[in-house]
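Report on the structure
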Amino acid sequence: MSTITTADGVSIFYKDWGPKDAQPIMFHHGWPLSADDWDNQMLFFLSKGYRVVAHDRRGHGRSDQTDTGNDMDTYAADVAALVRALDLQNVIHVGHSTGGGEVIRYVARSEKGRVAKAVLIGAVTPIMLATPRYPDGLPMSVFDGFRQALSKNRAQFFLDVPSGPFYGFNRDGAEVSEGLIRNWWRQGMMGGAKAHYDCIVAFSETDFTEDVQAVSLPVLLMHGEDDQVVPVDASARKAIELLSNGTLKTYPGLSHGLFATHPDLINADLLAFFKE
C-alpha cells in the first residue's frame, strides 16, 4: 500500500492515480469513512485527465488506528505532510462533511502555490454545534447520542446511519441502494473506534469561522437541501456569508450523501467549477 509517515509516526494511506504532471484533485472523506467513498469521483476525474489523490484520515480506513491526534489541527497537518511528500502544486481540494472542515483548515494555512480552489460538500463549516454565535446549530445531545451509540454497538450504529438519514433512505419514496449502505458500513468498520469517537468532537465542536474568513481563493459550497445530518441553514448558508470568494449551490430534495446518490449531477457541477 502507498503510505507516508507523519512527524508523530502515524502511517497515512493514500491513493495517487493519473499523470503526475496533470492538475491534482485531492479528495477528503467524511466521518467515519475512507478514501474509497470517492471511487466514483476518482474514476470520473481520472478519465478527464486529472491527477486524483485521496487519503484515509488517521484512525480511518487503512491508516493507523491512532488514539491521539484525532483533531482538526492534526488532520490538517497530516494533509500538509502528504501534499509535501507528493510535492503537489495548484491542487483543487474537495471535502465532504468532516472532510470539508479538514479542507478549509488546511487551505487557510497552506503554503503559497499549493492550492488552486476548494469545494465543500455537505460540510460541517462554520460549526455544527449550537453556540451563542451560531444558535441554529445542533444541540450537544445529538453528539452525545452519537458517542453513546458508537460505544454501545458501533457495528449497528454504522448500519443505522446509512440506512436512514445519511443518504435520505428514510424518506418516503427513496430509492434505497443496499450497496451504498453496505459500503458505508464496510468503510466505517475498517477504522478505529477510539479515533471515530474522538472525531465526533472534531467535527461537531470545531469552529471554522476564522478559517473560512481567511480563504480568498475560489470556494464552491455544495449542499443538499434535505441534508438531515448537517442541515443546510446552519452550515452552508452561514458559511457563504463568511467567504470572500464563495459560490453556494444547493440541491432541492438531496441528502447529506448527495455525491454518492447523484454522482452524475455532482460530477458535472464539479467539472464546471474546476474549468472556470
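Our subject is the structure listed above.
Residues numbered from 1 in each chain as written. Predicted model: local features only at pLDDT ≥ 70, side-chain atom pairs only at ≥ 80, totals over all residues. Heavy atoms only, no water.

Details of the overall build of the protein chain
This is how it is decided: Helix numbering and strand numbering both begin at the N terminus, where a helix is a DSSP run of H or I of at least 4 residues and a strand a DSSP run of E of at least 2. Radius of gyration here uses only the C-alpha atoms, and the compact-globule reference equals 2.2 Å multiplied by the residue count raised to the power 0.38. Using a 1.4 Å probe on the protein chains alone, a residue whose accessible area is under 20% of its type maximum counts as buried, one over 50% counts as exposed, and one in between counts as partly exposed.
When helices and strands are tallied, the protein chain shows 10 helices and eight strands. Taken against the 2.2 N^0.38 rule, which gives 19 Å for 276 residues, the C-alpha radius of gyration of the protein chain at 17 Å falls within 12% of a compact globule. Principal axes of the C-alpha set define a box for the protein chain whose edges measure 45 × 40 × 40 Å. Classification of the 276 residues of the protein chain by burial places 56% in the buried group.

What to know about the environment of Cys199
To be explicit about the condition: It only takes one pair of heavy atoms within 4.5 Å for two residues to be counted as in contact.
Structurally, the position occupied by Cys199 is in helix H6 (residues 193-205). For Cys199, a relative accessible area of 0% translates into the label buried. Not counting chain neighbours up to four residues away, the residues in contact with Cys199 comprise Trp31, His60, Asn70, Tyr75 and Thr98.

Thoughts on the packing of aromatic side chains
We apply this condition: Two rings from Phe, Tyr or Trp (for Trp, the six-membered ring) form a pair when their centres sit within 6.5 Å of each other. Planes less than 30 degrees apart are called stacked, planes more than 60 degrees apart edge-to-face, and all others tilted. We call a charge positioned over a ring when the NZ of a Lys or the CZ of an Arg lies within 6 Å of the ring centre and within 35 degrees of the ring normal.
Across all of its chains, the model carries 21 aromatic pairs by this definition. Measuring from centroid to centroid gives 6.2 Å for Phe143 and Phe203, while their planes differ by 75°, and the two rings are edge-to-face. Of the two residues, Phe143 sits in helix H4 (residues 140-163) while Phe203 sits in helix H6, which places them 60 residues apart along the sequence. Feature note: the residues Trp31, Phe143, Phe146, Phe157, Phe158, Phe166, Tyr167, Phe169, Trp184 and Phe203 constitute an aromatic cluster, connected by ring pairs. The cationic tip of Arg57 hangs over the ring face of Tyr75; the distance from NZ or CZ to the ring centre is 5.4 Å.

So, the pattern of salt bridges
Under the convention used in this document: Salt bridges are defined by distance alone: a side-chain nitrogen of Lys or Arg within 4 Å of a carboxyl oxygen of Asp or Glu.
By the definition in use, this model includes 23 salt bridges. Among the ionic pairs, Arg171 bridges to Asp226, the shortest N-O distance being 2.8 Å. One end of the pair, Arg171, is in the loop between H4 and helix H5 (178-190); the other, Asp226, is in the loop between strand E7 (219-224) and helix H8 (236-242), and 55 residues separate them in sequence. Owing to a relative accessible area of 39%, Arg171 belongs among the partly exposed residues under this scheme.

Considerations on the pairing of strand E5 (residues 91-96)
Just so we agree on the cut-off: Any two strands with at least two DSSP bridges between them are considered paired.
The element E5 is largely enclosed, with a buried count of six among its six residues. Two elements, strand E3 (residues 24-28) and E5, share four bridges in a ladder whose sense is parallel. Note that in E5 the partner of His28 across the bridge is Gly95. Where E5 lies against strand E6 (residues 115-121), six bridges are found, and the strand directions are parallel. Considered in E6, the bridge of Val91 is made with Val115.

Quick notes on unusual backbone geometry
Cis geometry is found at the peptide bond from Trp31 to Pro32, where omega equals -5°. Assignment of secondary structure puts Pro32 in the loop between E3 and helix H1 (39-47). A positive phi angle is found at Asn90, which is not glycine, with a value near 55°. With respect to the element layout, Asn90 can be found in the loop between helix H2 (72-86) and E5.

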